[in-house]
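# Structural description and commentary
Each chain, letter by letter, is given below.
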Amino acid sequence: MTTPDSTSSDFIRNIVEEDLKTDKYQGRVVTRFPPEPNGYLHIGHAKSICLNFGVASEYPGGICHLRFDDTNPLREDVEYINSIQEDVQWLGFDWGQHLYYASDYFGALYEFAEKLILEGKAYVDSLTADQIRNYRGTLTEPGKESPYRDRSVKENLDLFRRMRAGEFDDGAHVLRARIDMASPNLNMRDPTIYRIRRATHHRTGDDWCIYPMYDYAHALSDSIEKITHSLCTLEFEDHRPLYDWTLEELDVYRSQQIEFARLNLTNTVMSKRRLLQLVEGSYVSGWDDPRMPTISGLRRRGYTPEAIRTFCDHIGISKRDTVVNMALLEHCIREELNRSAPRVMAILDPLKVIIDNYPEGTEQEFDAVNNPEDPSMGNRKVPFSREVYIERDDFREDPPSRFFRLAPGREVRLRYACYITCREVVKDPQTGEVIELRCTYDPESVGGSTPDGRRVRGTLHWVSAAHSRQVEVRLYDHLLVNPEGDSDEDSRDFISLLNPDSLKVLTNCQVEPGLANAEPGSRFQFERQGYFCADSRDSMPGAPVFNRTVSLRDSWARIEQAQNAG
RNA sequence: UGGGGAUUAGUCCAGUGGUAGGACGCCUGACUCUGGAUCAGGAAGCGGAGGUUCGAACCCUCCAUCCCCAGCCA
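Along each chain, residues carry numbers from 1 onward, in the same order as the chain's sequence is written. Each chain is given a letter, starting from A, and each ligand a number, starting from 1, according to the order in which they appear as written. Given that the model is predicted, a residue must reach a pLDDT of at least 70 before its local features are reported, and side-chain atom pairs must reach 80 or more before they are shown or counted; all residues, however, enter totals for whole chains, interfaces and linings. Each side-chain value is worked out from all heavy atoms of the structure, with water and hydrogens disregarded.

As a further point, take the overall build of chain A. Only DSSP runs of H or I covering at least 4 residues are called helices, and only runs of E covering at least 2 are called strands; the numbering of each starts at the N terminus. From N to C terminus, chain A includes 13 helices and 25 strands. Just to be clear, the radius of gyration here is over C-alpha atoms, and the globule rule we use is 2.2 Å times residues to the power 0.38. For chain A, whose C-alpha radius of gyration is 31 Å, the value lies well above the compact-globule estimate of 24 Å for 566 residues. Summarising its shape, the C-alpha atoms of chain A cover approximately 100 × 55 × 45 Å along the three principal directions. Looking at chain A as a whole, 53% of its 566 residues qualify as buried. The contact definition used throughout considers only heavy atoms, calling two residues in contact when any of these lie within 4.5 Å. For chain A, contacts bridging at least 24 residues in sequence account for 71% of all contacts bridging at least 6. As displayed, chain A offers around 25,500 Å² of accessible surface, 46% of which is attributable to carbon and sulfur atoms. Within this scheme the basic residues Lys and Arg register as positive and the acidic residues Asp and Glu register as negative, but His and the chain ends are omitted. By convention, charge coordinates are those of NZ in Lys, CZ in Arg, CG in Asp, or CD in Glu. Mean positive and mean negative side-chain charge positions of chain A (70 and 92 charges, respectively) differ by 2 Å. A simple rule labels every residue: compare its accessible area, found with a 1.4 Å probe on the protein chains alone, to the largest value its type can have, and call it buried under 20%, exposed over 50%, or partly exposed in between. In these tables, accessible area is a Shrake-Rupley quantity obtained with a 1.4 Å probe, and a residue counts as shielded only by the protein chains included in the view.

With respect to spatial proximity, 68 residues lie near RNA strand B, and among them Arg197, Ser318, Arg320, Arg343 and Gly447 are the closest. Within the backbone of Tyr416, one N or O atom sits 3.0 Å away from a base oxygen of RNA strand B. At a separation of 2.5 Å, a base nitrogen of RNA strand B approaches a polar side-chain atom of Gln525. Of all the secondary structure elements, the ones that give two or more residues to the surface near RNA strand B are helix 5 (129-135), strand 6 (192-196), helix 11 (305-315), helix 12 (326-340) and helix 13 (555-565). Looking at side-chain class alone, the surface near RNA strand B contains 24 nonpolar, 20 polar and 24 charged residues. By convention in these notes, a residue is near a molecule or strand provided one of its non-hydrogen atoms lies within 4 Å of it. Under the rule applied, a polar contact is a pair of N or O atoms within 3.5 Å (in protein, one hydrogen donor and one hydrogen acceptor; residues adjacent in sequence only if both atoms are side-chain atoms). Amino acids are sorted into nonpolar (Ala, Val, Leu, Ile, Met, Phe, Trp, Tyr, Cys and Pro), charged (Asp, Glu, Lys and Arg) and polar (every other residue, Gly among them).

Turning to the nonpolar core, a few remarks are in order. Burial of nonpolar side chains together is a common tendency in soluble globular proteins. For this analysis, a nonpolar core means a set of buried residues of the types Ala, Val, Leu, Ile, Met, Phe, Trp, Tyr and Cys, connected via side-chain atoms within 4.5 Å. Residues Val88, Leu278 and Phe311 are the most contacted members of the largest nonpolar core, which totals 51 residues. Breaking this core down by element, the ones donating at least two residues are helix 2 (43-57), strand 2 (63-68), helix 3 (78-90), helix 9 (272-280), helix 10 (295-301), helix 11 and helix 12. Considering every element that reaches this core, the biggest residue donor is helix 2, with six residues. With near-sequence residues (within four places) excluded, Phe311 lies in contact with Ile43, Leu263, Leu265, Val324, Leu328, Leu329 and Cys332. Core analysis: the next-biggest nonpolar cluster, separate from the first, contains 34 residues, Tyr110, Tyr194, Ile210 and Leu247 among them.

Before going further, it helps to examine the pattern of salt bridges. We define a salt bridge as a side-chain nitrogen of Lys or Arg found within 4 Å of a carboxyl oxygen belonging to Asp or Glu. For the coordinates displayed, the defined rule picks out 51 salt bridges. Arg240 is paired through a salt bridge with Glu259; the nearest N and O atoms lie 2.7 Å apart. On the criterion of sequence distance, the pair formed by Arg240 in helix 8 (residues 240-249) and Glu259 in strand 9 (residues 256-260) is long-range, its members being 19 residues apart. Residue Glu259 is classed as buried on the basis of its relative accessible area, which comes to 2%. One salt-bridge network, held together by shared partners, links Asp288, Arg300, Glu472, Arg474, Asp535, Arg537 and Asp538.

Here the focus is the pairing of strand 25 (residues 545-551). With six of its seven residues buried, strand 25 lies for the most part within the structure. When strand 21 (residues 469-476) meets strand 25, the two strands line up parallel, connected through three bridges. Note that in strand 25 the partner of Val473 across the bridge is Phe546. By this definition, two strands are paired if DSSP reports at least two bridges between them. With five bridges joining them, strand 24 (residues 530-534) and strand 25 adopt antiparallel strand pairing. Bridged to Tyr531 within strand 25 is Val550.

Here the focus is the packing of aromatic side chains. The criterion for an aromatic pair is that two Phe, Tyr or Trp rings (for Trp, the six-membered ring) have centres within 6.5 Å, with stacked assigned to planes under 30 degrees apart, edge-to-face to planes over 60 apart and tilted to the rest. Under the criterion given, the structure shown has 19 aromatic pairs. The interplanar angle of 35° and the centroid separation of 5.0 Å between the aromatic rings of Tyr214 and Phe236 together place this pair among those described as tilted. One end of the pair, Tyr214, is in helix 7 (residues 214-224); the other, Phe236, is in the loop between strand 8 (229-233) and helix 8, and 22 residues separate them in sequence. Two conditions define a charge located above a ring, namely a distance within 6 Å from the ring centre to NZ of Lys or CZ of Arg, and an angle within 35 degrees of the ring normal. Sitting over the face of the ring of Tyr135, Lys144 holds its NZ or CZ atom 4.5 Å from the ring centroid.

Attention shifts here to the confidence of the model for chain A. Per-residue confidence from the predictor is given as pLDDT, running between 0 and 100. With 97% of its residues at a pLDDT of 70 or more, chain A shows a mean pLDDT of 95. Here residues 1-7 is modelled with pLDDT under 50, and outside its nearest four sequence neighbours on either side it reaches seven contacts, counting other chains as well. Scoring of the predicted complex yields 0.96 for pTM and 0.97 for ipTM.

Next up on the list: helix 3. Here helix 3 spans 18 Å end to end across 13 residues, near enough to the 18 Å set by a 1.5 Å rise per residue. Taken together, the buried positions of helix 3 are Tyr80, Ile81, Ser83, Ile84, Gln85, Asp87 and Val88. Regarding helix 3, its N-cap is Asp77, as a side-chain oxygen of that residue lies 2.8 Å from the backbone nitrogen of Glu79 further along. Downstream of helix 3 by a residue or two, Gly92 has a phi angle that is positive, lying close to 105°. For a helix, the expected span equals 1.5 Å multiplied by the residue count minus one.

What follows deals with the sheet that holds strand 12 (residues 350-355). Hydrogen bonds along the backbone pair up the strands of a sheet, which may run parallel or antiparallel. Taken together, seven strands build an open sheet; the order of strands is 19-16-17-18-12-15-20 and the sheet is mixed. Bordering the open sheet on either side are strand 19 (459-460) and strand 20 (462-464), each of which pairs with just one other strand.

So, on to unusual backbone geometry. Unusually for a residue other than glycine, Lys226 sits at a positive phi of about 50°. Turning to its location among the elements, Lys226 is positioned in the loop between helix 7 and strand 8. One non-glycine residue, Tyr416, adopts positive backbone phi at about 70°. For Tyr416, the location among the structural elements is in the loop between strand 16 (411-414) and strand 17 (419-427).

The next subject is the sheet that holds strand 3 (residues 99-101). Pairing is parallel across the open sheet formed by three strands, whose spatial order is 1-2-3. Looking at which strands have only one partner, the edges of the open sheet turn out to be strand 1 (30-33) and strand 3. Going across the sheet, the axis of each strand differs from the next one's by a mean of 35°, ignoring polarity. In terms of strand pairing, strand 2 meets strand 3 through three bridges, oriented parallel. If you follow Arg67 over to strand 3, its bridge partner there is Tyr100. The convention used is that axes are lines fitted to C-alpha atoms, helices contributing only their stretch in contact, and that angles between N-to-C directions extend from 0 to 180 degrees.

Moving on, we get to the environment of Leu250. Mapped onto the fold, Leu250 is located in the loop between helix 8 and strand 9. Judged by its relative accessible area of 1%, Leu250 falls in the buried class. In this structure, Leu250 is in contact with Phe112, Lys115, Leu116, Tyr216 and Leu220, ignoring residues within four places of it in sequence.

Note that Thr450 resides in the loop between strand 18 (434-441) and strand 19. Look at Thr450 and you get buried, because its relative accessible area is 9%. Reaching out from Thr450, the side chain makes a polar contact with the side chain of Asp452 at a distance of 2.5 Å. For Thr450, the contacting residues outside a window of four places in its chain are Tyr419, Asp442, Glu444 and Ser445.

And the structure:
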């Protein structure tokens, strides 16, 4: 597996490279990640984080700021400020001293607004929100100028100062940029840049009752921080003329906005609105539910920062509106965990096997390799005795063709232990359910091979019944059955696409004794099953709960599926 | 039918005038005490039509399709 070249290029890095060549910014590269603290970060944000911090890190002296875009006190909260910082750090990025808040600039932003008014470039409008909307025109028709558009500078200044002083109710007035009501770009039809909001801000308290709008605040925040490359998503492309207008009219540092496509993933949802809907509707257990594409959800699921970064490298940066296959994310975590996760044997759906010719009351230990990919991880002892559990799915009374596992009369290997042959199938007389297998073992095969060198096709994982520990395991699958994922933002109906099998809780799993003390957050490969992570929320000392991060590739499942289909 | 963007294998990303390349996924085979991993091989693509050129994914023209914009959200 090749990891992407760290110098791998994209159109944004090409622009940065070119700007360096032409000395556009005196050799500086300063980016920023500007989340609004109104929700948890998700894998789509990770793309932006990796881009912004990544680009900055590729140049000497390059820096990336973390700036909270906290201009709307109605929707924002410190809870999110904390989780966002935790998530960015966990992903492996460091903003150093460069932690900022748009609210830090409220004073400066206010001064700039007065300057615009003084120069006749902004005015106080007293139309209602409804009226402003009607005056804006439509996509194909120009807007109409507000009757307040030609108020004198003096009157505008007076009104704006009184807005700031709290003399008016919410909605009574707004400050608008005076641009062009006939512009084909709706964002340029005298956009609102300040509105009255008598709300307590999580950082500035009640210092302000007017708050700047995104376009105005963001452009100036970038400029104040002397951001060179302001990277944002495609939907802001139409806003760039306003971004440029603001910086040019105020004659301040000219940051450059560049837009790239946001991330969409199959089989999940990505918009904050929908994520919030899942949380509030209790379709998931919270923002960090392991099924959520949030950073905290992926973390709890068992994903590593490295895997997420590798994923972001793999998907690249472009301007095409696309949907990345979830299989790529899964590939990235498998690839890493294959290298790093200790192997362990765990039976998810136990079927008891009694080895009749194994002496009763005795036991022995076998050596098991902790990670065949990394010999330095050493070996461990696994206890064995007369009764073991195997995976129910590893036995078929009537095996289909190419089924190499256990069946009546068949011989298989118990990994690291010995060969067993199935002699008898014990069923519940009522239900007909297989409840136990009577087997014999070949004493010659102890250690995993026989002197006669005969081959067995199947090797099963197992656990000694007398030594195993019962744990809870949670099997997670895609959130949505629909691979189209989030792409249809209008379908109000995505709830009906939720995968009913996205979570299966197994409470009777039997695992090797050593696993009982697994540290919360620790990751394992359950051999032949997948990668699992001890849940950091619900695990108790001595009673871990395991989340399935991702299953192993399962070629037998594919064969069987093909057989059933054909 | 106003404006802004985008069209390269099933998917994502490179390729900016000289034999279309990588990754994921998929298929074959080898190997294997994980039907894992690994290794080897394979199928699969420039939206369309014109034009410029010795030569076009790339330049020009037209067409088509998809995405975004009418918050006092970001």
